[in-house]
Amino acid sequence: MTERAPEILSHETQHHGVLSFLLRQWPYFAMLGLALFGVAYTSMTRQGMTTYWIVLAPIYGLISIVAGWPEAENAEEKWRLVRTQILHWGAVLAAMCLIFIGDVKQMMNSDSSALTVLTVLALGSFTAGIHAEAWRVSLVGLLLGLAVPAIAWLEESTLLILLIVAVIAVFAAFVLLRDRRPSLT
């Protein structure tokens, strides 16, 4: 009985460790999730979400400030962090607003404007993480940047992916049904 106790404790410790990790990293998962939700929603509804993206930039800015706060050692560095992040995310917000100006918006469909805004958000996150010395914010920016071509490829290749899945399903059904056929012997 005592031999199994370490296994149980290690399993509980692992479970607690994963939960603790997720709780500590939730702002960065939220950043990823909110951005990907915006692109997915825009892709499904074919409607622009200008207000959503404009509200998302200050949220990213706030997370960047909170992430960089522990790295700032004194009041002067904390003020510099807040000032640079406000200016940085203000510039990102201005770039997003340029995308949503009527003339520019008319030239792009909702999918391309969402991917363009996601690119701006990715670049903004990456550089904000560098300025705030918050590598996790930069990692979010890198992942969002990698998501842009992946999302574009998925949107273009949906029919091909569906065809491949259908062929695999038919083949799997054929194999499963063939194995279930009763033998005549």
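Note that the structure is predicted; figures quoted are calculated from it, not measured.

Quick word on the overall build of the protein
Okay, step 1: Of regular secondary structure, the protein possesses seven helices and zero strands.
Okay, step 2: Of the regular secondary structure in the protein, the N- to C-terminal order runs α-α-α-α-α-α-α.
Okay, step 3: When contacts within the protein are restricted to residue pairs at least 6 apart in sequence, those whose partners lie at least 24 apart make up 63%.
Okay, step 4: When the accessible area of the protein is evaluated, it comes to approximately 12600 Å², of which 72% is carbon and sulfur surface.

Topic: the confidence of the model for the protein
Okay, step 1: Here the protein shows a mean pLDDT of 84. Residues at 70 or above account for 86%.
Okay, step 2: For the protein, helix 4 (residues 102-107) is the element with the lowest average pLDDT, namely 74, and helix 3 (residues 75-99) is the one with the highest, namely 94.
Okay, step 3: Every residue in residues 4-9 scores below 50 in pLDDT, and together they form zero contacts with partners more than four places removed in sequence or on other chains.

Here we look at the layout of surface pockets
Okay, step 1: Counted as a void, the largest pocket has a volume near 160 Å³.
Okay, step 2: Lining the largest pocket are R24, W26, P27, Y28, A30, L34, I59, L62, I63, V66 and A67.
Okay, step 3: Elements represented by at least two residues in the lining of the largest pocket include exactly helix 1 (5-45) and helix 2 (50-68).
Okay, step 4: For the lining of the largest pocket, the leading source of residues is helix 1, giving six residues.
Okay, step 5: A breakdown of the residues in the lining of the largest pocket according to their chemical character gives ten nonpolar, no polar and one charged.

Focus on the packing of aromatic side chains
Okay, step 1: In this structure the tally under the stated criterion is five aromatic pairs.
Okay, step 2: Relative to F29, the ring of F21 lies with its centre 6.3 Å away and its plane at 75°, an arrangement referred to as edge-to-face.
Okay, step 3: Overall, the relative accessible area of 38% leaves F21 in the partly exposed class.
Okay, step 4: Here F29 falls in the partly exposed class, since its relative accessible area comes to 41%.
Okay, step 5: Aromatic pair Y52 and W53: ring centres 5.6 Å apart, planes at 80°, arrangement edge-to-face.

Quick word on a nonpolar patch on the surface
Okay, step 1: A surface patch of nonpolar side chains, amounting to about 680 Å² of accessible area, comprises F126, I130, W135, L139, L142, L143 and L146.
Okay, step 2: At the level of elements, helix 5 (110-132) and helix 6 (135-156) are the ones that each hand at least two residues to the nonpolar patch.
Okay, step 3: A total of five residues in the nonpolar patch trace back to one element, the largest contributor, which is helix 6.
Okay, step 4: Structurally, the position occupied by L139 is in helix 6.

Reading guide: rules and limits
Residues numbered from 1 in each chain as written. Predicted model: local features only at pLDDT ≥ 70, side-chain atom pairs only at ≥ 80, totals over all residues. Heavy atoms only, no water. Helix = DSSP H or I, 4+ residues; strand = E, 2+ residues; numbered from the N terminus. Contact = heavy atoms within 4.5 Å. Areas by Shrake-Rupley, 256 points an atom, 1.4 Å probe, with all protein chains shown as cover. pLDDT = per-residue confidence, 0-100. 1 Å grid on protein atoms, 1.4 Å probe; cavity = no way out; pocket = protein on both sides within 12 Å on 5 of 7 lines; lining within 4 Å. Points joined across faces, edges and corners; volume = space filled by probe spheres on them. Nonpolar A, V, L, I, M, F, W, Y, C, P; charged D, E, K, R; others polar. Phe/Tyr/Trp six-rings, centres within 6.5 Å; stacked < 30°, edge-to-face > 60°. Buried < 20%, exposed > 50% of the residue type's maximum accessible area, 1.4 Å probe, protein only. Patch = residues over 30% accessible without salt bridge, like charges linked within 9 Å, V, L, I, M, F, W, Y side chains within 5 Å. Salt bridge = Lys/Arg side-chain N within 4 Å of Asp/Glu carboxyl O.

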